[in-house]
Amino acid sequence: MPKKKKNKATKLDASADDALDLDEIDQACREIENEVAFREKKKRGKESLRDKIESSNHTNTTPSAKNRRESTERQSMQESACKESKAKEEKSEDWVMKTVSVVVEHLNKFGACVIDDFLGEAKGVDILKEVLHLQKLEMFQEGQLASAKVAEKSIRSDKITWTDGVSPPCPNIKYLINTLDSIVLSANKSPNNGVLSNYNISGRTKAMVACYPGEGTHYVKHVDNPNKDGRCITAIYYLNRDWDPERDGGALKIYSACVKGVVAQVDPLFDRIIFFWSDRRNPHEVLPAFRERYAITVWYMDEKEKRDFEEKKRLISGPEEKS
């Protein structure tokens, strides 16, 4: 019997030992799991840190790459702009020379040259805006006759102002003036230019901006340069949008002495320009205008005729009195 008890006890002891071993194993498993979880977390932390470092390195290197790309793009844009500018310049030069050819031919044949769509819609609108701004500044005065010190509305009833396009700043009017300069001076220097070879054009007036206020305002028949004051070519640029010749009137009527019996009537249409001899070969008038009529006129001067005219004026006025 004692042996059986011992065996039983031993068996019980064995069961207790088994229970103890299971608890230890469970505890060990939890510790292992915790260790694995800790290591995974630590690993993820390291990977996260590495990613941050790599991201930081990428961020640090990106501006340099970005700057290189931007620099390349800028260079490409500059090259493209340079090519475009060169193409425009070549086109502009080509356009000027074609215009010169037409002006030379028509001045020699007819004493006048009319060109439509001269600068294009957009540029014409910009010039008109500057003219309207000058008008808003109240810079216009009654037009005067060259031989009179006061205005005479029965002869001319326009309002005018003078500008060089610089003061006040009128860059688009300045562009017009520069374009006219290129055409007229090139025509004067071009070979086989006929009558133009008789002149040495070395100067011009400022641009005269004129407005006929409507209501039948006009300018009677006259000659721009009847007294050989140096003016040889008149250039007039028109700025009247949606002009209806039948309703609005305001035509420039030229009694040409260059072509016998010809009387030309030129309507002041938007973006139209006319060149004509300024002397007695082209008496002209502005017919009554019944809405506001805008034009810009520039006169080109022959150097010798202007010098002779100034000398005559000096002789007529006599020596200045000494104070």
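As a reminder, the structure under discussion sits directly above these lines.
Notes on the structure in this doc start here. Every value quoted in this text rests on a predicted model; they were computed, and no experiment measured them. (Residues numbered from 1 in each chain as written. Predicted model: local features only at pLDDT ≥ 70, side-chain atom pairs only at ≥ 80, totals over all residues. Heavy atoms only, no water.)

A short note on the environment of Trp 299
Condition: Only runs of H or I of at least four residues qualify as helices and only runs of E of at least two qualify as strands under DSSP, and these elements are numbered from the N terminus. We call two residues in contact when some of their heavy atoms are within 4.5 Å. Think of a polar contact as two N or O atoms within 3.5 Å of one another; within protein, one of them needs to be a possible hydrogen donor and the other a possible acceptor, and neighboring residues in sequence only count if both atoms come from side chains.
Tracing the backbone shows Trp 299 in strand S12 (residues 293-302). Each residue touching Trp 299, except ones within four places of it in the same chain, is listed here: Trp 162, Gly 203, Arg 204, Thr 205, Met 208, Asp 224, Arg 231, Ile 233, Thr 234 and Ser 278. In this structure the side chain of Trp 299 is engaged in a polar contact, spanning 3.1 Å, whose partner is the side chain of Thr 234.

Let's talk about the pattern of salt bridges
Filter applied, for reference: Here, a salt bridge means any side-chain nitrogen of Lys or Arg that lies within 4 Å of a carboxyl oxygen of Asp or Glu. Only protein chains enter the accessibility calculation, which uses a 1.4 Å probe; a residue is then buried when its area is under 20% of its type maximum, exposed when over 50%, and partly exposed in between.
Enumeration according to the criterion identifies 13 salt bridges in this entry. The partner of Arg 156 in a salt bridge is Asp 158, with the nearest N and O atoms 2.8 Å apart. Comparing Arg 156 with Asp 158 shows no difference in burial state: the two are buried. The partner of Arg 291 in a salt bridge is Asp 248, and the shortest N-O contact between them spans 3.5 Å. Of this pair, Arg 291 sits in the loop between strand S11 (284-289) and S12 while Asp 248 sits in helix H4 (residues 245-248), and the two are 43 residues apart along the sequence. According to the relative accessible area criterion, Arg 291 is partly exposed, its value standing at 27%. Where salt bridges share partners, they join Arg 247, Asp 248 and Arg 291 into one cluster.

Overview of the packing of aromatic side chains
Which entries qualify depends on this criterion: Paired rings are identified among Phe, Tyr and Trp, the last through its six-membered ring, by centres lying within 6.5 Å, and are further divided according to the angle between planes into stacked (under 30 degrees), edge-to-face (over 60) and tilted (the rest).
Counted according to the given criterion, the structure contains 4 aromatic pairs. Taking 5.4 Å as the distance between ring centres and 50° as the angle between the ring planes, the aromatic pair formed by Trp 95 and Phe 118 counts as tilted. Of the two residues, Trp 95 is situated in helix H1 (residues 2-110) and Phe 118 in the loop between strand S1 (112-115) and helix H2 (121-136); the sequence distance between them amounts to 23 residues. Of the residues examined, Trp 95 reaches a relative accessible area of 29% and is grouped as partly exposed. By relative accessible area, which is 3% here, Phe 118 ends up buried. A network of ring pairs unites the aromatic residues Trp 95, Phe 118 and Tyr 237 as a single cluster.

Some remarks on the sheet that holds strand S8 (residues 252-255)
The criterion, for reference: Following DSSP output, two strands are said to pair if at least two bridges run between them. To get an axis, a line is fitted to the C-alpha atoms, and for a helix only the part in contact is used. The angle between two axes follows their N-to-C directions and goes from 0 to 180 degrees.
Pairing is antiparallel across the open sheet formed by 4 strands, whose spatial order is S6-S11-S8-S9. Each having just a single partner strand, strand S6 (217-222) and strand S9 (263-266) make up the two edges of the open sheet. Shown here is a sheet whose adjacent strand axes are inclined to one another by a mean of 20°, direction ignored. Sheet analysis places S8 next to S11, joined by 3 bridges and oriented antiparallel. The residue of S11 that forms the bridge with Leu 252 is Val 286.

Concerning helix H5 (residues 303-317)
Here is the rule we go by: Take the residue count of a helix, subtract one, and multiply by 1.5 Å to get its expected span.
A rise of 1.5 Å per residue sets the reference length of H5, with its 15 residues, at 21 Å; its end C-alpha atoms lie 21 Å apart and thus fit the reference within 8%. Trailing H5 by a residue or two, Gly 318 shows a phi angle of about 80°, which is positive.

Quick word on the pairing of S12
Burial runs high along S12: 10 of the 10 residues are buried. Taking every second residue as pointing to the same face, both faces of S12 are buried, with Arg 293, Ala 295, Thr 297, Trp 299 and Met 301 on one and Tyr 294, Ile 296, Val 298, Tyr 300 and Asp 302 on the other. Of the strand pairs in this sheet, strand S4 (residues 201-204) and S12 are connected by 3 bridges, and their pairing is antiparallel. Across the sheet, residue Gly 203 finds its bridge partner in S12, namely Met 301. The sheet contact formed by strand S7 (residues 231-238) and S12 spans 7 bridges and is antiparallel. Bridged to Arg 231 within S12 is Met 301.

As for the side chain of Glu 130
What counts here: For the purpose of charge, His is not counted, nor are the chain termini; Lys and Arg are scored as positive and Asp and Glu as negative.
By the secondary structure assignment, Glu 130 is in helix H2. Here Glu 130 sits buried without a salt bridge, and the closest side chain of opposite charge, Lys 123, lies 7.5 Å off (N-O distance). Side-chain polar atoms of Glu 130 contact the side chain of Asn 172, separated by 2.9 Å. The residues contacting Glu 130, other than those within four sequence positions of it, are Cys 170, Pro 171, Asn 172 and Ile 173.

Describing the side chain of Glu 285
By secondary structure assignment, the location of Glu 285 is in strand S11. Despite its burial, Glu 285 remains without a salt bridge, the nearest opposite charge being carried by Lys 253 at 4.8 Å. Within the structure, Glu 285 has its side chain in polar contact with the side chain of Tyr 255 (distance 2.4 Å). With near-sequence residues (within four places) excluded, Glu 285 lies in contact with Tyr 219, Val 220, Lys 221, Ala 251, Leu 252, Lys 253 and Tyr 255.

Brief notes about the environment of Pro 213
Note on placement: Pro 213 falls in the loop between strand S5 (207-212) and S6. Residue classification places Pro 213 among the partly exposed residues on the basis of a relative accessible area of 33%. On a C-alpha basis, the gap between Pro 213 and Asp 158 in space is 6.9 Å, while along the polypeptide they are 55 residues apart. What Pro 213 contacts, discounting residues up to four positions off in sequence, is Ser 157, Lys 159, Arg 291 and Glu 292.

Topic: the packing of H2 against helix H3 (residues 171-189)
To keep things clear, this is the line we draw: Angular relationships are summarised with four words: roughly parallel below 35 degrees, roughly antiparallel beyond 145, roughly perpendicular across 65 to 115, and oblique for the angles in between. Crossing handedness is read from the near helix: turned anticlockwise from the far helix by less than a right angle, it gives a left-handed crossing, and turned clockwise, a right-handed one.
Following both chains from N to C, one finds H2 and H3 inclined at 120°, their axes separated by 8 Å at the closest point. What the angle tells us is that H2 and H3 run oblique. For the element pair H2 and H3, the recorded crossing hand is left-handed. Contacts between H2 and H3 involve Lys 123, Asp 126, Ile 127, Glu 130, Val 131 and Leu 134 from the former and Pro 171, Asn 172, Ile 173, Tyr 175 and Leu 176 from the latter.

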